[in-house]
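Observations on the model geometry
What follows is each chain in one-letter form.
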Amino acid sequence: MTSVQIAEALLKLEGAATLAALHGPDHKCDEAPVRVAMQRMFPREMPEDLEAGLQLAVTIAWMDVSEQAALNRF
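Residues numbered from 1 in each chain as written. Predicted model: local features only at pLDDT ≥ 70, side-chain atom pairs only at ≥ 80, totals over all residues. Heavy atoms only, no water.

What about the overall build of the protein chain?
Formally: Only runs of H or I of at least four residues qualify as helices and only runs of E of at least two qualify as strands under DSSP, and these elements are numbered from the N terminus. Between buried and exposed lies partly exposed: a residue is buried under 20% and exposed over 50% of the maximum accessible area for its type, with that area taken using a 1.4 Å probe on protein chains only. Here a residue-residue contact requires only that any non-hydrogen atoms of the pair lie within 4.5 Å. Each accessible area value is a Shrake-Rupley result obtained with a 1.4 Å probe; residue values ignore everything except the protein chains displayed when judging cover. When charges are counted, neither His nor the chain ends are considered; positive counts come from Lys and Arg and negative counts from Asp and Glu. The atoms used to mark charge sites are NZ of Lys, CZ of Arg, CG of Asp and CD of Glu.
The helix and strand tally for the protein chain stands at four helices and zero strands. Counting helices and strands in the order they occur from the N terminus, the protein chain gives α-α-α-α. Expressed as lengths along the three principal axes of its C-alpha atoms, the size of the protein chain is roughly 45 × 20 × 15 Å. Classification of the 74 residues of the protein chain by burial places 27% in the buried group. In the protein chain, the proportion of contacts linking residues at least 24 apart, taken out of those at least 6 apart, comes to 67%. Roughly 4,900 Å² of accessible area belongs to the protein chain as shown, and the carbon and sulfur atoms make up 58% of that amount. In the protein chain, 6 positive and 11 negative side-chain charges are present, and the distance between their average locations comes to 5 Å.

Describing the packing of helix 3 (residues 31-41) against helix 4 (residues 47-73)
Rule in force here: All axes are obtained by fitting lines to C-alpha atoms, using only the stretch in contact for helices, and the reported angles, taken between N-to-C directions, cover 0 to 180 degrees. Angles below 35 degrees are treated as roughly parallel, those above 145 as roughly antiparallel, those between 65 and 115 as roughly perpendicular, and all remaining angles as oblique. Should the near helix be turned anticlockwise from the far one by less than a right angle, the crossing is left-handed, and should it be turned clockwise, the crossing is right-handed.
Two elements in contact, helix 3 and helix 4, have axes whose closest approach is 11 Å; the angle formed by their N-to-C orientations is 125°. When the axis of helix 3 is compared with that of helix 4, the two are oblique. Seen from above, helix 3 lies across helix 4 with right-handed handedness. Contacts from E31, V34, R35, M38 and Q39 of helix 3 reach helix 4 at L50, E51 and L54.

Quick word on the environment of E51
Put simply, the test is: By the criterion applied in these results, polar contacts are pairs of N or O atoms within 3.5 Å in which, for protein atoms, one can donate a hydrogen and the other can accept it, and in which residues neighboring in sequence qualify only through two side-chain atoms.
Topologically, E51 is positioned in helix 4. Measuring from C-alpha to C-alpha, the distance between E51 and E14 comes to 15 Å, with 37 residues separating the pair along the chain. Not counting the four nearest positions on each side in its chain, E51 is found in contact with R35 and M38. There is a polar contact of 2.3 Å between the side chain of E51 and the side chain of R35.

By themselves, these are just geometric observations and shouldn't be taken as functional.
Shown next, in the form of structure tokens:
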């Protein structure tokens, strides 16, 4: 599985808002539950691929949340 596929699965499972909160200014969400879920979802994947997938998912989530916020201002 590629990091892109992992990111897509995480976005579907957790949602953009939850993933964006992982690295948000308030750090409202703890990454541990997401990492555990990732290991259960993809038990055969290398830790580096899982981390890359998580980082990609968080980046995409931030873009989605920012885009939605910008659209809501108009």
